[in-house]
Amino acid sequence: MSSFHALRGEWLADARANILSGLVVALALIPEAIGFSIIAGVDPKVGLYASFSIAVITALVGGRPGMISAATAAIAVLVLPLIRAHGIEYLFAATVLMGVLQALAGLLRLNLLMQYVSRSVITGFVNALAILIFMAQLPQLIHVGWVTYAMVAAGLAIIYLFPRLTRVVPSPLVAIILLTAVSIYGGLKVNTVGDMGQLPSALPFFAIPKVPLTLETLRIIFPYSLTMALAGLLESLLTAQIVEDRLDTPTNRRRECVGQGVANFVTGFLGGMGGCAMIGQSVVNIKSGGSTRLSCFVAGAFLLFLIVVLGPLVARVPMPALVAVMIMVSIGTFNWKSIRNLGHHPWQSSVVMLATVAVVVTTHDLGKGVVAGVVLSGLFFASKVKRLFDVTASLSPDGTVRTYRVSGEIFFASTRRFAEAFDYRERVELVRIDVSQAHFWDISSVGTLDDAVLKFRRFGTPVEVTGLNAPSAGLVDKFGVHDKAGALEPMPAH
């Protein structure tokens, strides 16, 4: 019974709002899918079919209700060399293999790696994506007439002011409908969806990619498939975190990885390109009232209906209306609070956030930006933990025993300070290294302990290591050599 209620909540909660939000997303997906097809150098139908397939399938088997997945620029930019060198059929085969790799990643729980992505990286990712969304609208705002600017301004006014009258219908949908009517009946000279590319008039059909089933084919497509799979999962899991924060509902990340894999696997057989979650369209969905699987399903299904059945009408939708929607998304996506926090948060967090933004905006590659942010976060964390380390020395009253008390975390970044903390040439009868307040984390730390003990012995000083906690003792027993038979014995004192 509980599973039935959960299923009902994921699909039928506030059905009207989710259906309407799905309609808005479907309209907004069309120019983006066409644009991504152009980036990849393929027919517009490849991106449109992919957006339909991925949106519907992830709605059914994905792990994040309310999140929109479709064809994306992150994947489109990766496949252009493959298409140029080998043709579009290899793209379809690579998409199929991409899905297999993503499903395997989910089954192997590789989604757990996302716990190492810091909040600063996520904030940088969000802000960079907001900037990229706005930049993507600039071609529609350059070298155009005043009518375009007037329509964009009118669209933004409707989007932000209409909710003060009623929230029964999403304001972005109202803006698109009203501006389309004005454009058609007023005969306005503005760019339309049809100017982006020809819309398909037939349904997608199942077809096995026409490539040789050989190891040579696998050698060609595997590098592309692996890169596509990693980029898709990275963007999808980061987007899932953002949607989770906005809707305050849990995400099944393992299921989402598998769901993305299933969607891309099927899409490859339907003549579509690979895709992943879209933060921009997910924000459109949320702001329009969408929060369940139904909104994602409607977005995909209505997209196919629009392009196949209502293609001639959809082709006349003015681009300024959709630009207004995406500018709203850009403004709503950017974390404006992060600017105020620059002066209050630790400088390391601010550097990580700004570096992530800078790399993403410069390269237009979300994956590179996130990797740069994660690496910086790791370096700053290691530097911080390294400072949580201290060694104090004391000499017994009779001057025969030197005790070094070690506290803190001993790992690869603190091993040098550990090794330099001892006076190896001091003449005493015994050196005692007390590590009861320390923890050894890796083989680098164990190796440094070995080096210190053996160096004391080379100078003729016996050494006693005391206070190892259970995990540290286990690591030393397994990888240490100073306490093993055959280790260097102290030389006789002179």
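Owing to the predicted nature of the structure, the values given are computational and were not obtained by experimental measurement.

What counts and how
- Residues numbered from 1 in each chain as written.
- Predicted model: local features only at pLDDT ≥ 70, side-chain atom pairs only at ≥ 80, totals over all residues.
- Heavy atoms only, no water.
- 1 Å grid on protein atoms, 1.4 Å probe; cavity = no way out; pocket = protein on both sides within 12 Å on 5 of 7 lines; lining within 4 Å.
- Points joined across faces, edges and corners; volume = space filled by probe spheres on them.
- Helix = DSSP H or I, 4+ residues; strand = E, 2+ residues; numbered from the N terminus.
- Nonpolar A, V, L, I, M, F, W, Y, C, P; charged D, E, K, R; others polar.
- Contact = heavy atoms within 4.5 Å.
- pLDDT = per-residue confidence, 0-100.
- Pairing = 2+ DSSP bridges.
- Buried < 20%, exposed > 50% of the residue type's maximum accessible area, 1.4 Å probe, protein only.
- Right-handed = clockwise from strand over helix to strand, strands pointing away.
- Core = buried A, V, L, I, M, F, W, Y, C linked by side-chain atoms within 4.5 Å.
- Phe/Tyr/Trp six-rings, centres within 6.5 Å; stacked < 30°, edge-to-face > 60°.
- Salt bridge = Lys/Arg side-chain N within 4 Å of Asp/Glu carboxyl O.
- Disulfide = S-S within 2.5 Å.
- Expected span 1.5 Å × (residues − 1).
- Axes fitted to C-alpha atoms, helices over the stretch in contact; angles between N-to-C directions.

**Let's talk about the layout of surface pockets**
Remark: the empty space left among the atoms is shown by a probe the size of a water molecule rolled over them.
Phase 1 of the analysis: Its volume calculated, the second largest pocket comes out at about 460 Å³.
Phase 2 of the analysis: Lining the second largest pocket are 15 residues, and of these Ser118, Ser377, Gly378, Phe380 and Phe381 lie nearest its centre.
Phase 3 of the analysis: For the lining of the second largest pocket, the secondary-structure elements that each account for two or more residues are α17 (347–363) and α18 (366–387).
Phase 4 of the analysis: A total of 7 residues in the lining of the second largest pocket trace back to one element, the largest contributor, which is α18.
Phase 5 of the analysis: When its residues are assigned to classes, the lining of the second largest pocket shows 8 nonpolar, 6 polar and 1 charged.

**Here we look at the environment of Leu395**
Phase 1 of the analysis: Within the element layout of this structure, Leu395 appears in strand β3 (residues 389–395).
Phase 2 of the analysis: Sequence separation of Leu395 and Val428 is 33 residues, and the distance between their C-alpha atoms is 9.3 Å.
Phase 3 of the analysis: Once residues within four sequence positions are removed from consideration, Leu395 is found in contact with Val401, Arg402, Glu426 and Val428.

**Here we look at the confidence of the model for the protein**
Phase 1 of the analysis: Predicted confidence across the protein gives a mean pLDDT of 87, with 97% of residues reaching 70 or more.
Phase 2 of the analysis: For residues 490–494, every residue scores under 50 in pLDDT, and the model assigns this stretch 8 contacts once sequence neighbours within four places are set aside.

**Here's the deal with the pairing of β3**
Phase 1 of the analysis: As paired strands, β3 and strand β4 (residues 401–410) are joined by 7 bridges and run antiparallel to one another. Within β4, the residue paired with Leu395 across the bridge is Arg402.
Phase 2 of the analysis: Where β3 folds back on β4, the antiparallel hairpin that results is connected by 5 residues, among which Gly399 adopts a positive phi of roughly 75 degrees.

**Side note on the pairing of strand β5 (residues 430–440)**
Looking down a regular strand, the side chains alternate between one sheet face and the other.
Phase 1 of the analysis: Extensive coverage of β5 is indicated by the burial of 8 of its 11 residues.
Phase 2 of the analysis: With 9 bridges connecting them, β4 and β5 associate as parallel partners. In the strand pairing of β5, Thr403 is matched with Arg432.
Phase 3 of the analysis: Direction of pairing for β5 relative to strand β6 (residues 463–466): parallel, over a ladder of 4 bridges. Across the sheet, Arg432 pairs through a bridge with Glu464, a residue of β6.
Phase 4 of the analysis: Viewed along the sheet, the connection from β5 through helix α20 (residues 443–458) into β6 turns out right-handed.

**Brief notes about empty space enclosed by the protein**
Phase 1 of the analysis: Enumeration over the complete set of coordinates arrives at 1 cavity of 30 Å³ or more.
Phase 2 of the analysis: Taken as a whole, the largest cavity spans an internal volume of roughly 60 Å³.
Phase 3 of the analysis: For the lining of the largest cavity, the elements supplying multiple residues, two or more each, are α3 (44–61) and α13 (293–308).
Phase 4 of the analysis: Here the residues of the lining of the largest cavity are counted per class, giving 4 nonpolar, 2 polar and 3 charged.

**Quick word on the nonpolar core**
Phase 1 of the analysis: Of all hydrophobic cores here, the largest spans 106 residues; its most connected members are Ile30, Leu48, Leu91, Phe125, Val193, Met273 and Leu303.
Phase 2 of the analysis: With 12 residues, the top contributor of residues to this core is helix α2 (residues 15–40).
Phase 3 of the analysis: Those residues within four positions of Ile30 in sequence are excluded, and the remaining contacts are Leu48, Val193, Leu199, Leu303, Leu306, Ile307 and Val314.

**Brief notes about the packing of aromatic side chains**
Aromatic ring pairs: the centre-centre distance and the angle between the two ring planes describe each pair.
Phase 1 of the analysis: Across all of its chains, the model carries 15 aromatic pairs by this definition.
Phase 2 of the analysis: With a centroid separation of 5.8 Å and an interplanar angle of 25 degrees, the aromatic rings of Phe302 and Phe305 are classed as stacked. A residue pair is termed a helical-turn pair when its members lie 3 or 4 positions apart in one helix, as Phe302 and Phe305 do in helix α13 at 3 residues.
Phase 3 of the analysis: Exposure remark for Phe305: the relative accessible area of 38% places this residue in the partly exposed category.
Phase 4 of the analysis: The rings of Phe389, Tyr404, Phe418, Phe422, Tyr424, Phe440 and Phe456 are connected pair by pair, giving a single aromatic cluster.

**A short note on the pattern of salt bridges**
Phase 1 of the analysis: Within this structure, the stated rule accounts for 6 salt bridges.
Phase 2 of the analysis: Between Glu244 and Arg253 there is a salt bridge, with its nearest N and O atoms 3.2 Å apart.
Phase 3 of the analysis: When its relative accessible area of 18% is taken as the criterion, Arg253 is described as buried.
Phase 4 of the analysis: Between Arg432 and Glu464 there is a salt bridge, with the nearest N and O atoms lying 2.8 Å from each other.

**Observations concerning the state of the cysteines**
Phase 1 of the analysis: The full count for this structure, using the stated rule, is 0 disulfides.
Phase 2 of the analysis: Free cysteine: Cys257, not disulfide-bonded; nearest cysteine sulfur from Cys276 at 12 Å.
Phase 3 of the analysis: Take Cys296: it sits in no disulfide, and the sulfur closest to it among the cysteines is that of Cys276, at 14 Å.

**Observations concerning helix α7 (residues 146–161)**
Phase 1 of the analysis: Here α7 is 16 residues long and its end C-alpha atoms lie 22 Å apart, about the 22 Å a rise of 1.5 Å per residue gives.
Phase 2 of the analysis: On its buried side, α7 packs onto α8 (171–186) and α15 (319–333).

**What about the sheet that holds β5?**
Phase 1 of the analysis: Ordered in space as β3-β4-β5-β6, the 4 strands form an open sheet in which the pairing is mixed. Taken across any chain shown, the strands that pair with only one partner, and hence form the sheet edges, are β3 and β6. Going across the sheet, the axis of each strand differs from the next one's by a mean of 15 degrees, ignoring polarity.
Phase 2 of the analysis: Sitting on the sheet, α20 is in contact with β4, β5 and β6, with an inclination near 175 degrees to β5.

**Brief notes about the environment of Leu354**
Phase 1 of the analysis: As for its position among the elements, Leu354 is in helix α17.
Phase 2 of the analysis: For Leu354 and Asn285, which are 69 residues apart along the polypeptide, the C-alpha to C-alpha distance reads 27 Å.

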